[in-house]
Amino acid sequence: MSFVIGIDGPAGSGKGTMTKILARKFNLIHIDTGITYRVHAKAVLDNGINLDEKDKIIDLAKNIDIQIKNEDNIDKVFLNGKDVTKDIRSKEVTAIVSQVSSIKEVRLVMVELQRKLAEGKNVIMEGRDICTYVFPNADIKIYLKASLEERARRRYEENKQKGINTSYEEVLENIKLRDENDKHKEIGSLKVAEDSIVVDTTGLEIEQSVEKLTKIIEEKMKKL
Ligand code: DC
């Protein structure tokens, strides 16, 4: 049996930052499900597969080895044994990942892997469909949101810090596109689960969001 906190929300809503901090605070394993889709998208690029070659994309999903190893609180990511931790955040991967992850058969493979990663552990898992599809019975369900402009600004700053060279406008356009794609997936689309608590992080400092979420989690834990 696992204890699962699911955190869903669009790109830049604060999922990554929040789940890492909350994982330490509540002594939970942090699982970023976006990594699984990003590794697969990286493999699609590495293999020179076009986005209209659906069968090849699905085949690849079934045949790649994805490993995530947490070292000193950083997720080291391996694709067929090769360290791709940095590569999966590239502009090229970010540009195609939403589209590639829309394919139902790809999602089925990745969701199976995500459930396996959580097996028997106490986890805080971030994604788009954790509370609706991956773990519909999650113990605590939260949906994070923030305005489009604020999300783009955060992601732009984050890229700058990571040495990824993108303009604000480019980031904004990419997020808009990904939002649209993520909302219209056949399975696992981005939506608020009926029983999720929605938290708007627009205009909040990181500490303020942490405080809000901590309160929600503590309250919920009392009732479990
Ligand atoms: O959270 P992220 O930006 O690293 O996610 C990358 C992409 O993966 C995102 O555009 C949509 C997809 N994704 C998904 O479809 N379902 C998830 N649970 C997590 C990510």
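Just so you know, these numbers come straight off a predicted model, no measurement behind them. (Residues numbered from 1 in each chain as written. Predicted model: local features only at pLDDT ≥ 70, side-chain atom pairs only at ≥ 80, totals over all residues. Heavy atoms only, no water.)

A. The arrangement of the side chain of Gln-114 in detail. Positionally, Gln-114 belongs in helix 5 (residues 104–118). Here Gln-114 falls in the buried class, since its relative accessible area comes to 0%. With residues near it in sequence (within four places) discarded, Gln-114 still touches Thr-33, Thr-36, Tyr-37, Met-125 and Val-134. (Helix = DSSP H or I, 4+ residues; strand = E, 2+ residues; numbered from the N terminus. Buried < 20%, exposed > 50% of the residue type's maximum accessible area, 1.4 Å probe, protein only. Contact = heavy atoms within 4.5 Å.)

B. Region of interest: the packing of helix 2 (residues 34–46) against helix 3 (residues 54–63). Running from N to C, helix 2 and helix 3 point in directions that differ by 125°, and their axes come no closer than 10 Å. With respect to helix 3, the axis of helix 2 lies oblique. Judged by the sense of rotation from one axis to the other, the crossing of helix 2 with helix 3 is right-handed. Along its contact with helix 2, which presents His-40, Ala-43 and Val-44, the element helix 3 presents Ile-57, Leu-60 and Ala-61. Per-class residue counts for the contact of helix 2 with helix 3 are 5 nonpolar, 1 polar and no charged. (Axes fitted to C-alpha atoms, helices over the stretch in contact; angles between N-to-C directions. Parallel < 35°, antiparallel > 145°, perpendicular 65-115°, else oblique. Left-handed = near helix turned anticlockwise from the far one by under 90°. Nonpolar A, V, L, I, M, F, W, Y, C, P; charged D, E, K, R; others polar.)

C. Broad picture of the packing of helix 2 against helix 4 (residues 91–100). Closest axis-to-axis distance for the helix 2/helix 4 pair is 9 Å, and the angle between their directions is 110°. As far as their axial angle goes, helix 4 and helix 2 are roughly perpendicular. Packed against helix 2, whose contacting residues are Tyr-37, Arg-38, His-40, Ala-41, Lys-42, Val-44 and Leu-45, the element helix 4 presents Glu-92, Val-93, Thr-94, Ile-96, Val-97 and Val-100 at the interface.

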